[in-house]
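In case you want the letters, here they are:
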Amino acid sequence: MDLLVVGSGLFGLTLAERAAVSGRKVVLIDRRDHIGGNAYSSSDPETGIEIHRYGSHLFHTSNASVWDYVNKFTSFTDYEHRVFSTFRGEVFPLPINLGTINQFFRSSMGPGEARKLIASQAKEFESGTARNLEERAISLIGRPLYEAFIRDYTAKQWQTSPEELPAEIISRLPVRYNYDNRYFNDTFEGLPTDGYGAWLERMADHKNIEVRLGVDFFDEDQPLNRKAVEEALPIVYTGPLDRYFDYAEGRLSWRTLDFESEVLDVGDFQGTSVMNYADMAVPYTRIHEFRHFHPERDYQREKTFITREYSRFAEGVDEPYYPVNTAHDRERLLKYRELANSVPSVFFGGRLGTYQYLDMHMAIASALSLWTNKVSEVFA
Ligand code: FAD
Ligand code: UDP
């Protein structure tokens, strides 16, 4: 073995695949019983519908090299993601666009008038100097729309007041003064034609990659544990950064999700793939209905599979899904980065290993760059 990769999410898979193609023998371990990390999907035995096991995953990117890279392993459908939000018993299109604005204000404004109205409602804060999510959101869409669609949804999702969350979180959502309600602005978008599971399996299908599942890097009863291998060979580690150092600087805070799934005896439950729930009175943040991700597939029409998503702080053995990233976390992160620099044979990567929210395309781009600029140099 030339290289050990810990974690078979898209970061670990990309790194392993690049190393394997360049002739390196790679062992890829994961503590779960499947590869692919959070992007993994599998077919529900009762309905035949492909389920994204860790929440809906939509592939989108404007990075042409990432798009070329992923297309080596799968083709993509022409699916374009659209999301709706239920607020006080009424359904509105997201992200906030002219349709949302006119429906909300019971008006028929054109783009110019709408801009003027929102500007007058948004002048409490300047976008450039906004200190937190609430201020940034109000500076972009004004207080009434913020209070309807963002405030309570965000509070449910993060269980942290929007005044304590970083402004960047909301910058992920575009605001549009036309009727375009595509959720993403990227050049390339789609879902893997024969599913995420098949795509991810193909990435690991190389004679130089040996996959070992159900193997925890910190389990000293298995031979490839941290203590045994830390200085013996180069390691790419994509598990949680604080866990690597036994939480020496305290725990970094994460949000986890609880998924409550149900098969219903109707062909179509909500008419769309993702419905958000903006009201505080509804305890879940959204409902996913997976059949709508693949209208091109000939799924049966008698049953459907839905998942309600609930969000809360991660504790103990909960899966860490989203870095919360408070000021306190950012201080700890700096200390962990220093510790990471003290183990030169270990390359920390991915969402958990760098404590960063990364979309799939970002995880892939970051792994391609780590391979080219750092890990491949070890073998040069
Ligand atoms: P992960 O996929 O988390 O993989 C890390 C792997 O490391 C896991 O398999 C884990 O089991 C393994 N591991 C951890 N610790 C150990 C250990 N001690 N020993 C062995 N193995 C270990 N991105 C998009 O582009 N579009 C989306 O719509 C989207 N939706 C998302 C929805 C949710 C709910 C979440 C959580 C993420 C979403 N993402 C989405 C992000 C996407 O999942 C990530 O970009 C991608 O998973 C990053 O890959 P990764 O390899 O860094 O991490
Ligand atoms: N958001 C919101 N209302 C919505 C959808 C999103 O307030 O109906 C905010 C929320 O703070 C969320 C952020 O926008 O964390 C980013 O939304 P996105 O849908 O990208 O979140 P993800 O799908 O990653 O959970």
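What you are looking at is a predicted structure, and each value in this text was computed from that prediction instead of being measured. All residue numbers refer to positions counted from 1 along the written sequence of the respective chain. Labels follow written order: the first chain is A, the first ligand is 1, and so on. In keeping with the model being predicted, local features are shown solely for residues with a pLDDT of at least 70 and side-chain atom pairs are shown and tallied solely at 80 or more, while totals for entire chains, interfaces and linings include all residues. In computing side-chain properties, one takes all heavy atoms of the structure into account and sets aside hydrogens as well as water.

Draft legend 1. Spatial organisation of the site of ligand 1. Neighbouring ligand 1 are 32 residues; D30, H57, R351, L358 and M360 lie closest to it. In the model, an oxygen atom of ligand 1 is placed 2.9 Å from a nitrogen or oxygen of the N38 main chain. L58 places a polar main-chain atom, nitrogen or oxygen, 2.8 Å from an oxygen atom of ligand 1. Per-residue and other accessible areas follow the Shrake-Rupley method at a 1.4 Å probe size, with only the shown protein chains counted as cover for residues. Summarising the interface, the protein chains cover 97% of the accessible area of ligand 1, which totals 1000 Å² for the free molecule. By definition, any uninterrupted DSSP run of H or I lasting at least four residues is a helix, any uninterrupted run of E lasting at least two residues is a strand, and each is numbered from the N terminus. Broken down by secondary-structure element, the contributors of at least two residues to the shell around ligand 1 are helix 1 (10-21), helix 12 (350-354) and helix 13 (360-378). Put simply, Ala, Val, Leu, Ile, Met, Phe, Trp, Tyr, Cys and Pro go in the nonpolar bin, Asp, Glu, Lys and Arg in the charged bin, and everything else, Gly too, in the polar bin. Here the residues of the shell around ligand 1 are counted per class, giving 17 nonpolar, 9 polar and 6 charged. Nearness is defined per residue: one heavy atom within 4 Å of the molecule or strand is enough. Any N or O atom pair separated by 3.5 Å or less is treated as a polar contact, with the protein-specific requirement of one donor-capable and one acceptor-capable atom, and with residues adjacent in sequence counted only for side-chain atom pairs.

Draft legend 2. Main features of the sheet that holds strand 2 (residues 26-30). One open sheet holds the 5 strands; their spatial order is 9-2-1-10-16, and the pairing between them is parallel. Here the strands that pair on one side only, and so sit at the sheet edges, are strand 9 (209-213) and strand 16 (346-348). When the angles between neighbouring strand axes are averaged without regard to direction, this sheet yields 20 degrees. For strand 2 and strand 9, the ladder comprises 5 bridges, and the chain directions are parallel. A pair of strands is treated as paired once DSSP finds two or more bridges between them. In this analysis an axis means a line fitted to C-alpha atoms, helices contributing only their contacting stretch, and an angle means the value between N-to-C directions, from 0 to 180 degrees.

Draft legend 3. Fine view of the side chain of E50. By the secondary structure assignment, E50 is in strand 4 (residues 50-52). Note on E50: relative accessible area 7%, which makes it buried. Looking at E50, its side chain comes within polar contact range of the main-chain nitrogen of Y196, at 3.1 Å. For E50, the contacting residues outside a window of four places in its chain are S41, S42, S43, G195, Y196, F290, H294, R297 and Y299. Each residue is placed in one exposure class: buried if its accessible area under a 1.4 Å probe, protein chains only, is under 20% of its type's maximum, exposed if it is over 50%, and partly exposed if it falls in between. The criterion used for residue contact is that any of the two residues' heavy atoms lie within 4.5 Å.

Draft legend 4. Broad picture of the pairing of strand 7 (residues 90-93). Bridge count between strand 6 (residues 83-87) and strand 7: 4 bridges; the pairing is antiparallel. When the bridges of strand 7 are listed, S85 appears paired with F92. Linking two consecutive strands that pair antiparallel, namely strand 6 and strand 7, is a turn of 2 residues; a positive phi of about 45 degrees is found at R88 within it.

Draft legend 5. How the structure looks around the side chain of R176. Topologically, R176 is positioned in the loop between helix 7 (168-171) and strand 8 (188-190). In this view, R176 contacts P95, I96, N97, L98, N181, R182, Y183, F184 and N185; residues no more than four positions away in its chain are not counted.

Draft legend 6. Summary view of the pattern of salt bridges. Should a side-chain nitrogen of Lys or Arg be within 4 Å of a carboxyl oxygen of Asp or Glu, the pair is scored as a salt bridge. Under the defined criterion, the tally for this structure stands at 26 salt bridges. Its salt-bridge partner being E147, residue R151 comes within 3.8 Å of it at the nearest N-O pair. Of the two residues, R151 and E147 both sit in helix 6 (residues 143-158), 4 residues apart, roughly one turn of that helix. A relative accessible area of 32% places R151 in the partly exposed class. Judged by relative accessible area, which is 28%, E147 ranks as partly exposed. Among the salt bridges present, the one from R226 reaches D246, with a minimum N-O distance of 3.3 Å. Taken as a pair, R226 in helix 9 (residues 226-229) and D246 in the loop between helix 10 (241-244) and strand 11 (254-264) lie far apart in primary sequence, 20 residues in all. Given a relative accessible area of 45%, D246 falls into the partly exposed group. The network of salt bridges with shared partners includes E124, R143, E147, R151 and D152.

Draft legend 7. Helix 13, seen in detail. Take the number of residues in a helix, subtract one, and multiply by 1.5 Å to get its expected span. Compared with the 27 Å implied by 1.5 Å per residue over 19 residues, the 26 Å span of helix 13 between its first and last C-alpha is a close match. At W371, helix 13 is deflected by roughly 45 degrees, the largest bend along its length. To get the bend at a residue, fit one axis to the 7 residues ending there and another to the 7 starting there, then take the angle between the axes.

Draft legend 8. Structural view of the sheet that holds strand 12 (residues 274-277). Ordered in space as 7-6-12-13-14-11-15, the 7 strands form an open sheet in which the pairing is mixed. Across the chains shown, the open sheet's two edge strands, defined by having one partner strand only, are strand 7 and strand 15 (322-323). For strand 11 and strand 14 (residues 304-313), the ladder comprises 10 bridges, and the chain directions are antiparallel. What sits directly across from D258, in strand 14, is Y310.

Worth remembering: the numbers are spatial, not functional.
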